[in-house]
Amino acid sequence: MPRPLSPGLQASDRIFHGTATVIGMSVLAITGAIGAFLGYQSIPTLHHYGLSFFTQSNWQPELNKIGIAAVLVGTVEVALIAMVVSFPLAIMFALFITDYAPKRIKSWLVSAVDLMAAVPSIIYGLWGFFLLQPHAIDLARWLSQHFGWFPLFHVDTDANAAVWQQSRYTSSAFIAGLAVSMMAIPLACAVMRAVFDQAPLGEREAAMALGGTRFGVARIVVLPFARGGIIGGTMLSLGRALGETAAVLIIISPAYLIKIRILEAGTQTISALIAGNFGNATKSQLSALLTAGFVLFVITLVVNTAAALFVRRSRSGASTEI
Amino acid sequence: MTTLHSVENRPALPQPRRRSPRKLRLFTADDWFSVIGAVVSSLALVEIGYEHMLDGSGTLGFLVCWYVVFLVLYGGIISLTNPRHIVLERLVTSTLYVAAAVVIVALGSTVIYTFAKGWTALVHSNFFTHDMSAVAPTAPLNEGGILHAIVGTVIEVGIAVAVSLPLGVGTAVYMSEVGGRGARPVRTVVEAMTALPEILAGLFVYVTLIVGFGLPKSGLAASAAMAVTMVPIIARASEVALRVVPAGLREASNALGASHWKTVRTVVLPTARAGLATAAILAIARGIGETAVVLITSGASSFLTFNPTENPMNSLPLFIYTAYVTGEPTAIARAFGAASVLLAMVLVLFVTTRILARSKAVTR
């Protein structure tokens, strides 16, 4: 009988493998337990309120009226505004870094993106409230003056009044979305830049040799190659924007109405709802908040998983880390 | 043969003068003038039109209009002398420069504005050496300070890192070095949990530890919630760092007869050191700035405490938020002072990461 080729594991390796497995499994157990816990806690609430939890827009626990219709709409609104602002800026900044910027400043621009991602969200909240808002309400008023016929930009006040009501335009989903976009830009931009950089050099040079302009190269080679990374990065930043708390909490004034008038004061998001109401919540109200949180978690989970799939399945995902 | 000979005997020709390669993209004086002309004329046009017709809708609107008019004028000017694809290229280039400027200005204004507004509080030395016990939010800035918040942040983040760093790196080692059947579900769950909004980590700890087990609101609860959000970040970033360790190094170590543990301990982890440090610092920077978590779990105290287990403990993000909510001008000045300190901490960590990344580039 031949000697077994594999001598088996040494004692030290057995301990090492055992420890690593225990750590991995305990992290799996802890993090999995959190997701399971959130899901489990939302059963009584969903049982009690049923479908009305998703259609009711008020959050008045004392009247037994609890629903996330309005906050869900608000969450999506703020995140979508952030996307509308951040997507073009992120993709243009990423393309600028890889294809247009002078070589000397390229590494500085990459650092700037990383720094932007590291700034705490509450600081963006202060920035949005104190520095951006006084300017943004002018833009909001201009939009409602000229495009007020469009329900999205309508504001329930006389936009043309000589002394206009500034407070009708402050603390809106629009301004919160602008602040949140500051957190979405670096996330999306970092992924896009990494993918743009991987566009095959041979194809770039071929396009240039055929007389392509820089934009021609970007349009024919870089952008099609990076499509997966662009979609993935955008969805990753969407996941972040949906869950953002501090900046939104600072800027918005809570309003539990399903409204699409994004320029008008008052909106509410799920994370701001939790932050504002957990303190004096009874046990059943906590369960309702947890359910709202679980809905948010499911949404961000779906968005992030979709982002990962897009990046992995596209041509650009071959060696991309996000 | 003859040709070679003749070449050698030929009198030396003057060397071509050109030292650097020919520039691929020429930007002639004509091009410069068309850019500058378009900028100036669009500014003048918007200045007149905007003030008189659009009733002055603020600085942002002005800049937007200026940019739109510039694009139209610039496109018009260069299309006089250039073919269409050049016009498109120029317009795209100018758009990209403007987009980059917008992002840089937004980031720069955030940093500069925070420090500028925080300056009134930062110049008082008591701001760094006192806490806010028995100091009203309306008290002048030469009373009270944020020492308790700084200490609280350091303790909370310190505990969170001490817990989550071994767990995160251990998980990464398990996923990329040990492997096995469990690696896939662990990776899936870790990736899923990076999607967990921080407020939910806070709410989870609030419901289980504080409501469920009756623990007081404390720094420890905040650390636990922070660790929940930090472990997936560290695990994911560390796994990336471990995966870029060249396989040849592992094979060389194995070929020399080292055990698996020895290989990981003396070859893989030291090689990935810079990447692991970056992962840790990323997680610390994230933890320092987490507002939602501390808002729910730690409770805002106004006094200095070093005990994370019993008392409420303040921290910088929480101090900023609670000071902001009062709406008092002096409290808001303090909030900006605390925001400057927070930002300075993040900047220091950020520069450290850069230096680590650079040393990695040198050694590799």
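Residues numbered from 1 in each chain as written. Chains lettered and ligands numbered in written order. Predicted model: local features only at pLDDT ≥ 70, side-chain atom pairs only at ≥ 80, totals over all residues. Heavy atoms only, no water.

Engineer: Explain the nonpolar core here, please?
Structural biologist: Looking at soluble globular proteins, one finds that nonpolar side chains tend to be buried together. Core analysis: the largest hydrophobic core is formed by 191 residues, its most contacted members being Phe93(A), Phe196(A), Leu289(A), Ile146(B), Leu196(B) and Leu203(B). Counting residues per element, this core draws most heavily on helix α6 (residues 173-197) of chain A, at 17 residues. Discounting chain neighbours no more than four positions away, the residues touching Ile146(B) are Phe127(B), His130(B), Leu316(B), Phe319(B), Ala338(B) and Val341(B). The next biggest cluster of nonpolar side chains, apart from the first, holds 5 residues, and it includes Ala38(B), Phe70(B), Ile78(B) and Val87(B). (Core = buried A, V, L, I, M, F, W, Y, C linked by side-chain atoms within 4.5 Å. Buried < 20%, exposed > 50% of the residue type's maximum accessible area, 1.4 Å probe, protein only. Helix = DSSP H or I, 4+ residues; strand = E, 2+ residues; numbered from the N terminus. Contact = heavy atoms within 4.5 Å.)

Engineer: Is there a simple way to think about helix α3 (residues 58-79) of chain B in this case?
Structural biologist: Each α-helix winds once per 3.6 residues, and so residues spaced three or four apart point in a common direction. The terminal C-alpha atoms of α3(B), which comprises 22 residues, lie 32 Å apart, in line with the 32 Å expected from a rise of 1.5 Å per residue. Within α3(B), burial applies to Gly61(B), Phe62(B), Cys65(B), Phe70(B), Tyr74(B), Gly75(B) and Ile78(B). (Expected span 1.5 Å × (residues − 1).)

Engineer: Is there a simple way to think about the packing of helix α7 (residues 183-193) of chain B against helix α9 (residues 219-243) of chain B in this case?
Structural biologist: Packed helices, taken two at a time, are described by their axes: the angle between them and the distance between them. Residue and element names in this part refer to chain B. Two elements in contact, α7 and α9, have axes whose closest approach is 8 Å; the angle formed by their N-to-C orientations is 120°. On the basis of the axis angle, α7 is oblique to α9. For the crossing formed where α7 meets α9, the hand is left-handed. Here α7 contributes Arg 187, Val 190, Glu 191 and Met 193 to the contact with α9, which in turn contributes Pro 232, Ala 235, Arg 236 and Glu 239. (Axes fitted to C-alpha atoms, helices over the stretch in contact; angles between N-to-C directions. Parallel < 35°, antiparallel > 145°, perpendicular 65-115°, else oblique. Left-handed = near helix turned anticlockwise from the far one by under 90°.)

Engineer: Is there a simple way to think about the interface of chain B and chain A in this case?
Structural biologist: Accessible area lost upon the coming together of the parts is a frequently used measure of interface size. The interface is formed by 81 residues belonging to chain B together with 79 residues belonging to chain A. Buried surface at the junction of chain B and chain A, summed over both partners, amounts to about 7,500 Å²; 78% is from carbon and sulfur atoms. The interface formed by chain B and chain A includes 8 residue pairs in polar contact (both at pLDDT 80 or more). Among the elements that make up the side of chain B that touches chain A, the one with the highest residue count is helix α4 (residues 84-122) of chain B (19 residues). Partitioned by chemical class, the residues of the side of chain B that touches chain A number 55 nonpolar, 19 polar and 7 charged. (Buried area = accessible area lost by both parts, 1.4 Å probe. Polar contact = N/O pair within 3.5 Å; in protein donor to acceptor, adjacent residues only side chain to side chain. Nonpolar A, V, L, I, M, F, W, Y, C, P; charged D, E, K, R; others polar.)

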